[in-house]
Structure formats: structure tokens, C-alpha cells
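A closer look at the structure
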Amino acid sequence: MDSTLACLAAWMPRQRWYAAKGRSPSLRLVAWWDLTVDPDAPAEADSSVRIRTFLVADEGALPAVLYQIPVVERATETVTADPGHTIGSPVPGTTFIDGPYDPAYAAALLRLVARGGTARGPQTTAVGRAVASASGPLHATSRVISGEQSNTSLIYEGGGTPVICKVYRQLHPGLNPDIELQEALSRAGSTHVPRPIGWIEGTWPDLATAHGSVRGSLAFAQEYLPGVDDAWRVALLAAARGEDFRGEAAALGGVTARVHVALSQCFATRTPTAADRDAAAATWERRFAIAMAEVPEIAAQRDAVSAVYRRAVEVPWPPLQRIHGDYHLGQVLHSPDRGWIVVDFEGEPLRPMAERTQPDFALRDVAGMLRSFDYVAGSLRLDHPDRSADAVRSWALDARAAFIEGYAQTSGNSLDPRHPLLAALELDKAVYEAIYEARNRPTWVTIPLRAISRLVERPAPVG
């Protein structure tokens, strides 16, 4: 097993989902289980093929991060996979392939999640929880979506119901909110989320206590909607063409409100306490302190930023409820038949799972979408410096106003875009963006910096 861990440790830092960029993992094997090769798929019915999923803890991080690494083990001379998807050869004559890129694992995964069943290994089990069986044969062709940061998703087509299955790479105890919220919304009759197919949950030794075991989510499958675009592409194209986007933005606001109303009915809400106000204010101030250290030019706005946060703490707060948690145009699809479809309810990937499942402000999602419209305008200005800044900014302002109007009309609650709580949440999001851009895309940092300047100068609502 030492050679296997060494092989994984050499390969993991090159993967997008590996969290600790810039250092080598310090791995410990936590558990593993095997999946059965599909006997009805002759091309994969090779007794030398083994499908094994490893759970490995990277103990070089504090706290340790648990990763799910599905592997297909094949005789080296039979391997035809792209070299970019091979993990290595821990023993001579054997090659490990990253599971999602191998048809044997892809077929076994879909079979477990869509038909149910149990896979067992030392100190662990993986159980498929089918919600609605995918029609037709399950050994359809599969492909992996490129560009994902935190997970690996496979699309299955050509065998009945098109399915997309997300394999969670970083594991946490508890039901993933991506599964929990979408399954509840679908069960409640919402047409604004894809229909769940099923999920896989597992048990493994508890890393936090070193005693007993915990249960968590391993994968989630839902209907795949072919031929749709995400809202970011739709909005960016409209802005680039100078097309009026107010109707689409208002409809998106309405869908967002309906999702929030449904979530408030599916899950308990609660009244904010004084402790909630103190915690929110501390979080906002702490994030701004980090931003001042990494983006020094915003330090001059410290007093104005604190004033925005202070006003937000002093006004009445709405009930806290379950929300999307990482809401932006990239998390929404546009279907010609069903309109706007909301996806990816995991919440912010860098936040601990315990935080992502707590009731929060519905306005946090609203603020996230407002920032996303602003990013459409900002990215156009960066990519096309000759374009009229006023025209692009006007497009974003119109889209933002229409989104808020659509949200307010559908929710039945008036919503002033200058509401102190909404302003504070949007400002906090812009501060987060400034930190992110300074670290990853310095040329983009002007987008959140402009927003911060605008948000601290905007007058408070009257009355």
C-alpha cells in the first residue's frame, strides 16, 4: 500500500480539486471499497480489471482533508487511456487510471447510483440511494465535464434518460446540501431544479475523533439537460450585443424567489438573535481586514465600509433560512422548455460543511447574483477596452434592477436595492472577490474595487 500512496501523492497536486496547491500531500489510507465490473458490458468484462475507490486523508493540512479517489487498475499493456488521466504504476505491469475517465468505473458508478446497492470494504461501505431509476440501459457512453474545481462530473448519454453524476472529491460528514436541497425541492414539486436520480452515501472512520465512524455523501446523480447554456454565457452574449436583458433578469429574479419560498417551506426557519448579529458583523470586519492586507488600496475606505456594516446590524433582519449559498450566473441554466434552472446547491466550497448547512440570509443569494451581473459588465470592459463603459454599466444596472423587481414581485416583499442588509452583503461579497482576484487574477481586481467604491458611497434608503 505504501507504493499506492506514493503514486497518489505524486499525482494529486496536479489535479484541480486538490486543495493545498504548492505542496506535496502527506497521505494516510483511511478506507477503500471495490465496485464490480458490469458483466453485461463485454468490453469491460476483463478479470484483470479492478475498480477500487480509495479514501485518503491529507494530514499535511490542518484540519486533515479527506479525498475520494476512484481508481481503475489495468494491466499496463492493455491501457489505452489518455496519459493525462493515468495516475501511475505503483507496481510493475499495473497502471492506475483516474476512475471517471475509465468506462469500467463510469458504468459501475451509474449502476450503483441509479439502481441502488452496497459496496463494502475494510471499515467502510458505499450505499446507492436510487430516487428515480434512469430508463433504458445503464452502460451508456460517458464523458467528463472539464474545468470543474472541486468535484468531477460525468455525463451519460445514449442509454435512455441523460444523466449527470457528480463525484465529490473532498468529503465531509453529513448529507451534502447539493443533495439535500435539490431532493427536497424536487419532492416539493419545484420545476426549477433538475430531477434527482439518486446518490451514494458512505461511512468511514471519523477523522476528528479517531473513534467510531461518520456518514457522508460520495456522489449525486440527476437528470442532464442537453443543449442548454448557463446564465453567465447567456448574459455575457446579451451584454456584448447590447441586447435588453431586463425581461430575462426579471424572470431569473422570480425563479430565485420561488426557490427561496420553497426552501423556507421545506426546512425550518429561525429568528436572528443578537449573537447572529455579532457573528455576522465580526465576519464582515475580519474579511475586510484580510482584504486591506492583500489589497492595500482599499484601506482608505475603512471607515465608510464600517459604516455600511453598522447600518446593516441596526436594521430589522428577516428570518434565517436555507439558501443556495454560492449563487451566481454560472449556477443557473437556461432551458428553452423550462426557463431558468438552478443547480449546484453545495454552497461555497471553501466554507466548512457545518456552516454551509446553517440557515442564512436569503438576501445573500440576491447579493451574489447582483455581483454576477456586475462581473458581466466588468469582464466585457476588460476584454473590450474600446467598448463604451457607460453603455456596459447601464446594461448591468438595468439587469440588476430588473432582477430585484422580479424577486420582489414574486416573493411579495418589497426590496429596496439600497436596503442596508443587502448593501452589506453585497459589499462583503465584493471584499471577498477583491481578495480572490488579488490572489488569482490580479488584472480583474478592478471589478470588485469599483463595486466597493460604489457601495460605500451609495446613500441609505429614505424612510
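A quick note: this is a predicted structure, and the numbers were derived from the prediction, not measured.

What follows is about the overall build of the protein. Helices and strands together make up the secondary structure of the protein, namely twelve helices and 16 strands. On C-alpha atoms alone, the protein measures out to a radius of gyration of 23 Å, which is about the 23 Å that the 2.2 N^0.38 rule sets for 463 residues. Seen through its C-alpha atoms, the protein measures out along the principal axes to roughly 75 × 50 × 45 Å. Evaluated residue by residue, the protein yields a buried proportion of 52% over its 463 residues. By element, 52% of the accessible surface of the protein is carried by carbon and sulfur atoms, the whole surface being about 20300 Å².

Attention now goes to the pairing of strand S2 (residues 50-58). Within S2, eight of the nine residues are buried, leaving the element largely enclosed by the surrounding structure. Pairing between strand S1 (residues 27-35) and S2: eight bridges, direction antiparallel. Within S2, the residue paired with Trp 33 across the bridge is Thr 53.

With respect to the helices and strands, Ser 264 occurs in helix H5 (residues 246-266). By relative accessible area, which is 28% here, Ser 264 ends up partly exposed. For the pair Ser 264 and Arg 322, spaced 58 residues apart in sequence, the C-alpha to C-alpha distance is 6.8 Å. With sequence-adjacent residues up to four places away left out, Ser 264 is seen in contact with Thr 269 and Gln 321. Within the local environment of Ser 264, its side chain forms a polar contact with the backbone oxygen of Val 261, the two atoms lying 2.6 Å apart.

Sheet architecture is open: seven strands sit in the order S6-S7-S12-S13-S10-S9-S8, paired in antiparallel fashion. Where the open sheet ends on each side, the last strands, each with one partner, are strand S6 (117-121) and strand S8 (141-144). For this sheet, the mean angle separating the axes of adjacent strands, direction not counted, is 20°. Bridging between S8 and strand S9 (residues 151-157) involves four bridges; their strand directions are antiparallel. If you follow Thr 141 over to S9, its bridge partner there is Glu 157. Of the strands in this sheet, S6, strand S7 (124-130), S8, S9, strand S10 (163-168), strand S12 (196-205) and strand S13 (213-223) touch helix H2 (residues 103-115), which is tilted by about 100° from S12. Where helix H3 (residues 177-187) meets the sheet, it contacts S10, S12 and S13, and its direction lies at approximately 50° from that of S13.

Further remarks concern the layout of surface pockets. Quantified by volume, the second largest pocket comes out at close to 430 Å³. What lines the second largest pocket is a set of 18 residues, and nearest its centre among them are Pro 318, Ala 362, Leu 363, Tyr 407 and Asn 413. For the lining of the second largest pocket, the elements supplying multiple residues, two or more each, are H5, helix H9 (362-383) and helix H10 (389-411). Each residue belonging to the lining of the second largest pocket can be placed in one class, and the counts come to nine nonpolar, eight polar and one charged.

Looking now at the confidence of the model for the protein. Mean pLDDT over the protein works out to 91, with 95% of the residues at or above the 70 mark. Least confident of the elements in the protein is helix H8 (residues 353-356), whose mean pLDDT is 83; most confident is H5, at 98.

Basis of the calculations
- Residues numbered from 1 in each chain as written.
- Predicted model: local features only at pLDDT ≥ 70, side-chain atom pairs only at ≥ 80, totals over all residues.
- Heavy atoms only, no water.
- Helix = DSSP H or I, 4+ residues; strand = E, 2+ residues; numbered from the N terminus.
- Rg over C-alpha atoms; globule rule 2.2 N^0.38 Å.
- Buried < 20%, exposed > 50% of the residue type's maximum accessible area, 1.4 Å probe, protein only.
- Areas by Shrake-Rupley, 256 points an atom, 1.4 Å probe, with all protein chains shown as cover.
- Pairing = 2+ DSSP bridges.
- Contact = heavy atoms within 4.5 Å.
- Polar contact = N/O pair within 3.5 Å; in protein donor to acceptor, adjacent residues only side chain to side chain.
- Axes fitted to C-alpha atoms, helices over the stretch in contact; angles between N-to-C directions.
- 1 Å grid on protein atoms, 1.4 Å probe; cavity = no way out; pocket = protein on both sides within 12 Å on 5 of 7 lines; lining within 4 Å.
- Points joined across faces, edges and corners; volume = space filled by probe spheres on them.
- Nonpolar A, V, L, I, M, F, W, Y, C, P; charged D, E, K, R; others polar.
- pLDDT = per-residue confidence, 0-100.

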